[in-house]
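The residues making up each chain are set out below.
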Amino acid sequence: MITEESFIDFKCPYCGGPVSFPRECAGFVQACPDCIESLIVPDDGSEIGKAIPLPINTARLALRRFAPGDWKGLQELFSDEELFRYAEGRPLEEEEILRWLESDSHIKLTTPGQVFCVAIEERETARMIGYMGLNLADPHRLQARLTIYLNRSFQRKGFALEALDAALGFCFEGVKLHRSSASCDSRNTAACRLFENAGLRREGEFLKDELLHGEWVNTVWYAALAEEWGADRGAAPAS
Ligand SMILES: CC(C)(COP(=O)(O)OP(=O)(O)OC[C@H]1O[C@@H](n2cnc3c(N)ncnc32)[C@H](O)[C@@H]1OP(=O)(O)O)[C@@H](O)C(=O)NCCC(=O)NCCS
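These figures come from a predicted structure and were not determined experimentally.

Student: Even after reading the chapter, I still don't get the overall build of the chain, so can you show me in this structure?
Tutor: On a plain count of helices and strands, the chain comes out with 5 helices and 13 strands. Taken over the C-alpha trace, the chain has a radius of gyration of 19 Å; the compact-globule value for 239 residues is 18 Å, and the two agree within 12%. Its C-alpha atoms give the chain principal-axis dimensions of roughly 55 × 40 × 35 Å. In the chain, which comprises 239 residues, the proportion classed as buried is 44%. When the accessible surface of the chain is split by element, carbon and sulfur atoms take 52% of a total near 12,800 Å².

Student: Explain the state of the cysteines to me, please; I cannot follow it from the model alone.
Tutor: The term disulfide refers to a covalent linkage connecting the sulfur atoms of a pair of cysteines. This model, assessed by the stated rule, comprises 0 disulfides. For cysteine 35, which is in no disulfide, the shortest distance to another cysteine sulfur is to cysteine 32 and amounts to 3.7 Å. Classification of cysteine 35 as partly exposed rests on a relative accessible area of 26%. Of all cysteine sulfurs, the one in cysteine 192 lies closest to cysteine 184, which takes part in no disulfide; the gap is 3.6 Å.

Student: Just to check I follow, could you spell out the domain arrangement of the chain for this structure?
Tutor: Note: interface size is frequently given as the accessible area lost on complex formation between the parts. Its domain assignment divides the chain into domain 1 (4–51) and domain 2 (56–229). Taking the mean C-alpha position of each, domain 1 and domain 2 sit 28 Å from one another. Broken down residue by residue, the surface that domain 1 buries against domain 2 is led by Phe28, Val29 and Ser38, which jointly contribute 51%. Here domain 1 and domain 2 share 2 salt bridges between them. For the pair domain 1 and domain 2, the interface holds 5 residue pairs in polar contact (both at pLDDT 80 or more). Put simply, the parts of the chain that give the side of domain 1 that touches domain 2 at least two residues each are β3 (29–31) and β4 (38–40). Examining the composition of the side of domain 1 that touches domain 2, we find that 3 residues originate from one element, β3, more than from any other.

Student: Would you mind going over helix α3 (residues 159–174) with me for this structure?
Tutor: Side chains that are three or four residues apart share a direction in an α-helix, a result of its 3.6 residues per turn. Across the 16 residues of α3, 13 count as buried, placing the element largely inside the fold. Following α3 by one or two positions, lysine 176 adopts a phi angle in the positive range, close to 50°.

Student: Looking at this structure, how should I read the site of the ligand?
Tutor: Surrounding the ligand, one finds 19 residues, the nearest of these being Ile148, Leu150, Asn188, Arg193 and Asn197. Burial of the ligand by the protein chains amounts to 76% of its free accessible area of 930 Å². When residues of the shell around the ligand are traced back to their parent elements, those giving at least two are β10 (143–150), α3 and α4 (189–197). If one sorts the elements of the shell around the ligand by residue count, α4 sits on top with 6 residues.

Student: What am I meant to see in the nonpolar core here?
Tutor: As a rule of thumb, nonpolar side chains are buried together in soluble globular proteins. Ranked by size, the top nonpolar core spans 43 residues in total, and within it Leu63, Leu109, Ile120, Met132 and Phe195 carry the most contacts. At the level of secondary structure, the elements contributing two or more residues to this core comprise β7 (61–64), β8 (116–122), β9 (127–135), β10, α3, β11 (179–185), α4 and β13 (215–225). Looking at this core element by element, the count peaks at 10 residues for α3. Contact partners of phenylalanine 195, with chain neighbours within four places excluded, come to Ile148, Leu164, Ala182, Ser183, Cys184, Leu200 and Tyr222. If you look at the next biggest cluster of nonpolar residues, it comprises 14 residues, including Leu74, Leu77, Leu83 and Tyr131.

What counts, and where the lines are drawn
- Residues numbered from 1 in each chain as written.
- Predicted model: local features only at pLDDT ≥ 70, side-chain atom pairs only at ≥ 80, totals over all residues.
- Heavy atoms only, no water.
- Helix = DSSP H or I, 4+ residues; strand = E, 2+ residues; numbered from the N terminus.
- Rg over C-alpha atoms; globule rule 2.2 N^0.38 Å.
- Buried < 20%, exposed > 50% of the residue type's maximum accessible area, 1.4 Å probe, protein only.
- Areas by Shrake-Rupley, 256 points an atom, 1.4 Å probe, with all protein chains shown as cover.
- Disulfide = S-S within 2.5 Å.
- Domains from an automatic or database assignment.
- Buried area = accessible area lost by both parts, 1.4 Å probe.
- Salt bridge = Lys/Arg side-chain N within 4 Å of Asp/Glu carboxyl O.
- Polar contact = N/O pair within 3.5 Å; in protein donor to acceptor, adjacent residues only side chain to side chain.
- Near = heavy atom within 4 Å.
- Core = buried A, V, L, I, M, F, W, Y, C linked by side-chain atoms within 4.5 Å.
- Contact = heavy atoms within 4.5 Å.

Structural data, given as structure tokens:
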């Protein structure tokens, strides 16, 4: 039987409007029906829902939403053809980057069918050096598919591992996801090593399942479940 106790009533941390969700949603990410911002349903009796825990600060990095001033860093990142050697896409023109930034500013973590992007910033220089994509593709919003792109000048310094570790902390501790996965072309040694170093479990390899730049290539899948991630891991909370 559905009673009043079956629901949690609280205020949206963004618009302040009254929100009500079934008790099973406690601690999970949902969209505010009024302002459509993504929020976390309180699981501790709070009167106000929790905001999405961004930015995330790690020892050397900040993971944050993109800002209009990031166009230059994005232009540098996306002008490098090598970035797309093992990944879909192509270098983008300035005009396309500006359009991408504008449309990204409207995307929330819970926007259906869209990838929620966070910029990877080197804190010491405040420079945008890459980005992570989080796609909550399953209908319950309890699984994320992660992607990561790093400016070549900043690769092989462990930044990608630091960013991915923080993103996994966000997924499992920040928004209580059930499972996070990542995939790459099987020839992409850097990505395979990165996913293994981050503690993701290799789930399998699909043979010639992707047509990439005119060639059928194999895809390797990696994943972690919340119970595998463990409560004592993850990045420092936002400061
Ligand atoms: C995947 C990517 C983010 C890794 O970045 P990175 O800065 O090299 O990552 P890390 O410094 O954390 O190192 C990852 C591991 O790969 C290794 N590695 C990095 N580049 C390599 C290369 N070209 N060949 C072989 N190994 C490489 C590193 O030595 C490290 O392994 P180790 O711990 O055994 O030493 C980066 O290569 C990239 O942006 N690639 C283009 C986009 C992409 O393919 N993304 C993955 C699919 S979503």
